[in-house]
Amino acid sequence: MPFLKVVFHNFRNINNAEIPVPKGQVFFIGENGQGKTNFLEAIYMLCYGRSFRTKIDDNLVQHGSQEMALNADFFDQESDIHLKIKIVVSKRKKTIFVNGKLLADRRDLVRLLPCIVFSHDDLLYVTGGPEHQRAFFDQTASLLFPIYLENLQDYGKILKSRNAVLRENRLELLETFDHQLVSYGKKIVEGRRMMVDLFNKNFGLLFQTISNSQQQVQIDYKSSWEAVNDEQLLAKLIQRRSADLALKFTTSGPHRDKFRFLADDKDYVSDASTGQLRLLSLLLRLEQSRLLGERSGKKPVLLLDDVLLELDAQKRQRFLGHLPPSEQRFYTFLPDETISKNSGPDILKFIVKEGRFNEEGS
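In what follows, the accompanying structure is described.

Definitions and limits used
- Once a new chain begins, its residue numbering starts again from 1 and follows that chain's sequence as written.
- Only residues with pLDDT of at least 70 get local features here, since the model is predicted, and only at 80 or more are side-chain atom pairs given and counted; chain-wide, interface and lining totals rely on the full set of residues.
- Remark: hydrogens and water are excluded; side-chain values derive from all non-hydrogen atoms of the structure.
- Secondary structure counts use DSSP, requiring at least four H or I residues in a row for a helix and at least two E residues in a row for a strand, with both numbered from the N terminus.
- We compute the radius of gyration from the C-alpha atoms alone; for a globule the expected value is 2.2 Å times N to the 0.38, where N is the number of residues.
- In what follows, residue pairs with any heavy atoms lying within 4.5 Å of each other are defined as contacts.
- In this description, accessible areas are obtained by the Shrake-Rupley approach with a 1.4 Å probe, and a residue is regarded as covered only by the protein chains that are shown.
- As used throughout, the charge tally considers Lys and Arg to be positive and Asp and Glu to be negative, leaving His and the chain termini uncounted.
- A charged residue contributes its charge at one atom only: NZ of Lys, CZ of Arg, CG of Asp or CD of Glu.
- DSSP calls a pair of strands paired once it identifies at least 2 bridges connecting them.
- Definition of nonpolar core: a set of buried residues of the types Ala, Val, Leu, Ile, Met, Phe, Trp, Tyr and Cys, connected through side-chain atoms within 4.5 Å.
- A 1.4 Å probe rolled over the protein chains alone gives each residue an accessible area, and that area as a share of the maximum for its type sets the label: buried under 20%, exposed over 50%, partly exposed in between.
- Angular values range over 0 to 180 degrees, each being the angle between N-to-C directions of two axes fitted as lines to C-alpha atoms, with helices fitted over their stretch in contact.
- Each angle gets one of four labels, with under 35 degrees taken as roughly parallel, over 145 as roughly antiparallel, 65 to 115 as roughly perpendicular, and the rest as oblique.
- Note on convention: near helix rotated counterclockwise from far helix by under a right angle means a left-handed crossing. Clockwise means right-handed.
- Three categories are distinguished: nonpolar for Ala, Val, Leu, Ile, Met, Phe, Trp, Tyr, Cys and Pro, charged for Asp, Glu, Lys and Arg, and polar for the others, with Gly belonging to the last.
- When two rings of Phe, Tyr or Trp (its six-membered ring) have centres within 6.5 Å they constitute a pair, described as stacked for plane angles under 30 degrees, edge-to-face for angles over 60, and tilted for the intermediate range.
- Counting of polar contacts relies on pairs of N or O atoms within 3.5 Å, with two restrictions inside protein: one atom must be capable of donating a hydrogen and the other of accepting it, and residues adjacent in sequence are counted only when both atoms are side-chain atoms.

## As for the overall build of the protein
Line of reasoning, step 1. Looking only at helices and strands, the protein has 11 helices and 15 strands in total.
Line of reasoning, step 2. Taking 21 Å as the expected radius of gyration for a compact globule of 362 residues, we find that the protein reaches 22 Å, a close match to that expectation.
Line of reasoning, step 3. When the backbone C-alpha atoms are referred to their principal axes, the protein occupies close to 70 × 55 × 40 Å.
Line of reasoning, step 4. When contacts within the protein are restricted to residue pairs at least 6 apart in sequence, long-range pairs at least 24 apart make up 69% of them.
Line of reasoning, step 5. As displayed, the protein offers around 17,600 Å² of accessible surface, 48% of which is attributable to carbon and sulfur atoms.
Line of reasoning, step 6. Distance between charge centres in the protein, computed from 51 positive and 47 negative side chains, equals 3 Å.

What follows is the structure, encoded as structure tokens:
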């Protein structure tokens, strides 16, 4: 199995311990607030070098401590990859080691260990504002195509500079930033269109199958820039210049794009139930993990954090049956959840209480 063990030192509320996880499916069972999600957060950090819950690394350090450390053994038998990963956060500095060598770029770790987390907050990708949908598809495109992340970061820098120029009313610089904004913004629009096309190849049928309904939900992408060539896009920026100067920020571009979920060409989200919305968010992650596996050629590690509660038993089973091939799956469950009663030679269960992880039956 990929993760054989994880060693914790002053991480969140988890007791300092070495916890073996040498099975394909690992269940963490316990009440809320006991440390289940913290373990998933640790696995995610070992894969990506950052948390999926906070941007501030110091938040990961146990209260009253000065530093935290995570150590893990990862072994992929199929590709014969054996990694020892260590992450230390101390005095607002983070260091990552792989097989004893300091890692200079966190992106090198991302390429080694693809990982997808399914969490309650994913519902925002469906019900939240346009910035949440943009964040999801940008994240997916960045995982699949590293050059997209570079383009996105460059676009963000240029947008920030252009907005500063607007605030300072420095008109002589706008033409230069307009050309740069068009150059990188066009790449973002192209990447998002490609993402939506990739998702829509499978998304509608997947929704029908798991929801057991006749509706096919599709993802619709509405770009702020409908034009296709540089001249038209530059003309759009010039047309919006008066509004930009009045408001002191750039009012058109990929940072204003919108995504919608449609059924029969009508907005699906406004009339959907909570369970249907939750299912949409799960399907987004499902497709993300499938595409990541196909693109990278590596089966991802999947982290499922109490996300099945709002699905009925049949939808739950259909959803689990459509999870893509994975190296390892980590689940969190409340004590009375039926699915947590599953057993088998590839399942390892831990009872979690107050940061302690005790293997069931031990």
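After that view, the rundown keeps rolling.
## Notes on the sheet that holds strand 11 (residues 266–267)
Line of reasoning, step 1. With antiparallel pairing, three strands are arranged side by side in an open sheet as 9-10-11. The sheet terminates laterally at strand 9 (217–222) and strand 11, the two strands that pair on one side only.
Line of reasoning, step 2. Note that strand 9 and strand 10 (residues 258–263) share six bridges and pair antiparallel. From the neighbouring strand, Ile-219 faces strand 10, where its bridge partner is Phe-261.

## Notes on the environment of Glu-131
Line of reasoning, step 1. Its place among the elements puts Glu-131 in helix 4 (residues 130–144).
Line of reasoning, step 2. C-alpha of Glu-131 to C-alpha of Asn-13: the two residues are 118 residues apart in sequence and 32 Å apart in space.

## Digging into the nonpolar core
Line of reasoning, step 1. Counting 107 residues, the largest nonpolar core has Phe-3, Phe-39, Leu-284, Phe-319 and Phe-330 as the members making the most contacts within it.
Line of reasoning, step 2. Setting aside residues up to four positions removed in sequence, Phe-39 forms contacts with Val-6, Phe-8, Ile-14, Ile-19, Val-21, Phe-28, Phe-330 and Phe-357.

## Examining the packing of helix 6 (residues 174–200) against helix 8 (residues 230–239)
Line of reasoning, step 1. Between helix 6 and helix 8, whose axes approach to 10 Å, the crossing angle comes to 125 degrees. Overall, the two elements helix 6 and helix 8 adopt an arrangement that is oblique. Taken as a pair, helix 6 and helix 8 cross one another with a handedness that is right-handed. Between helix 6 and helix 8, the contacting residues are Asp-178, His-179, Leu-181, Val-182 and Lys-186 on the first element and Asp-230, Leu-233, Leu-234 and Leu-237 on the second.
Line of reasoning, step 2. Within the contact of helix 6 with helix 8, the residues separate by chemical class into five nonpolar, one polar and three charged.

## Considering the pairing of strand 1 (residues 3–9)
Line of reasoning, step 1. Bridging between strand 1 and strand 4 (residues 67–76) involves six bridges; their strand directions are antiparallel. The residue of strand 4 that forms the bridge with Lys-5 is Asp-73.
Line of reasoning, step 2. Both strand 1 and strand 2 (residues 17–20) contribute to a ladder of four bridges, which runs antiparallel. Of the residues in strand 2, the one forming a bridge with Lys-5 is Pro-20.

## Quick look at the side chain of Thr-95
Line of reasoning, step 1. Tracing the sequence through the fold places Thr-95 in strand 6 (residues 93–98).
Line of reasoning, step 2. Setting aside residues up to four positions removed in sequence, Thr-95 forms contacts with Lys-86, Ile-87, Val-88 and Leu-102.

## Some remarks on the packing of aromatic side chains
Line of reasoning, step 1. Evaluation of the coordinates by the stated rule reveals 23 aromatic pairs.
Line of reasoning, step 2. Ring geometry for Phe-137 versus Phe-199: centroids 5.3 Å apart, planes at 75 degrees, classification edge-to-face. With a gap of 62 residues between them, Phe-137 in helix 4 and Phe-199 in helix 6 connect regions that are remote in the sequence. Of the two residues, Phe-137 and Phe-199, both sit in the buried class.
Line of reasoning, step 3. Judged by centre distance (6.5 Å) and plane angle (35 degrees), the ring pair of Phe-203 and Phe-261 falls under tilted. Within this pair, whereas Phe-203 is found in helix 7 (residues 203–211), its partner Phe-261 is found in strand 10, the two being separated by 58 residues in sequence. Summarising the burial analysis for this pair, Phe-203 and Phe-261 share the class buried.
Line of reasoning, step 4. Following the ring pairs from residue to residue traces out a cluster consisting of Phe-8, Phe-11, Phe-28, Phe-39, Phe-330, Phe-350 and Phe-357.

## Topic: the side chain of Thr-251
Line of reasoning, step 1. Residue placement: Thr-251 occurs in the loop between helix 9 (241–247) and strand 10.
Line of reasoning, step 2. A distance of 2.5 Å separates polar atoms of two side chains, one belonging to Thr-251 and the other to Asp-244.
Line of reasoning, step 3. If we skip the residues at most four places from it in the chain, Thr-251 touches Arg-240, Ala-243, Asp-244 and Arg-256.

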